Amino acid sequence: MRRQAPKISAKEAAVGYLSRRDHAKRELQQKLKQRGYSEQEISDAVAYCQDYNWLDDARYAAMAVRNGVSKGWGMLRIKQEMKMKGVHDLCIKQALEEAGVDWFEQARAVAQRKFGDTQMDTPKEKARRLRFMQSRGFDFDQIRYALAVEDEY
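Note that the structure is predicted; figures quoted are calculated from it, not measured.

The rules behind each value
Residues numbered from 1 in each chain as written. Predicted model: local features only at pLDDT ≥ 70, side-chain atom pairs only at ≥ 80, totals over all residues. Heavy atoms only, no water. Phe/Tyr/Trp six-rings, centres within 6.5 Å; stacked < 30°, edge-to-face > 60°. Buried < 20%, exposed > 50% of the residue type's maximum accessible area, 1.4 Å probe, protein only. Helix = DSSP H or I, 4+ residues; strand = E, 2+ residues; numbered from the N terminus. Lys NZ or Arg CZ within 6 Å of the ring centre and 35° of its normal. Polar contact = N/O pair within 3.5 Å; in protein donor to acceptor, adjacent residues only side chain to side chain.

Peer 1: Honestly, the packing of aromatic side chains in this entry has me stumped. Any pointers?
Peer 2: To describe a pair of aromatic rings, you give the distance between the ring centres and the angle between the ring planes. Under the defined criterion, the tally for this structure stands at five aromatic pairs. Judged by centre distance (5.7 Å) and plane angle (75°), the ring pair of Tyr 48 and Trp 54 falls under edge-to-face. A relative accessible area of 34% means that Trp 54 is categorised as partly exposed. The interplanar angle of 85° and the centroid separation of 5.6 Å between the aromatic rings of Phe 104 and Tyr 145 together place this pair among those described as edge-to-face. With a gap of 41 residues between them, Phe 104 in helix 7 (residues 103-115) and Tyr 145 in helix 9 (residues 140-147) connect regions that are remote in the sequence. Overall, Tyr 145 belongs to the partly exposed group, its relative accessible area being 30%. Geometry around Phe 132 places Lys 114 over its ring, the cationic atom sitting 5.0 Å from the centre.

Take a look at the structure:
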């Protein structure tokens, strides 16, 4: 019969997670909870990490915006991803403002990379491109600008 290895402390587990990549506060709390730590242990570990500035939602939000832009995502998709990770709305808003991204040009660059200079010659192709751009998190005005669509859809 194998002996179970001793469980590491919640602080050690939290530092381990943060050493691999930045996490949002709520995301880290959920991971620690899944590993079976008590609410008090989780609270202590989060406070410990925040004291050393290893856990910072504002920094996480700024990183998430940079990563999203590099993946070709629009503002709506980036916001959604951060909300799912539990980042506060004010942190999201501030990170998006500080990033200084021109979302219309971001949409145009994504459309150019994906579709090149090929024409939208059928309604089916137009619908496919619109769906793609929506799935990337661009709003209708940005999509219209990126695809040079004149009519309403």
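Peer 1: Would you take a moment to explain the environment of Ser 19 for this structure?
Peer 2: Tracing the backbone through its elements, the reader meets Ser 19 in helix 1 (residues 10-20). Of the residues examined, Ser 19 reaches a relative accessible area of 56% and is grouped as exposed. Each C-alpha atom, one on Ser 19 and one on Trp 54, is 8.7 Å from the other, the two residues being 35 residues apart in sequence. A distance of 2.7 Å separates a polar side-chain atom of Ser 19 from the backbone oxygen of Gly 16.

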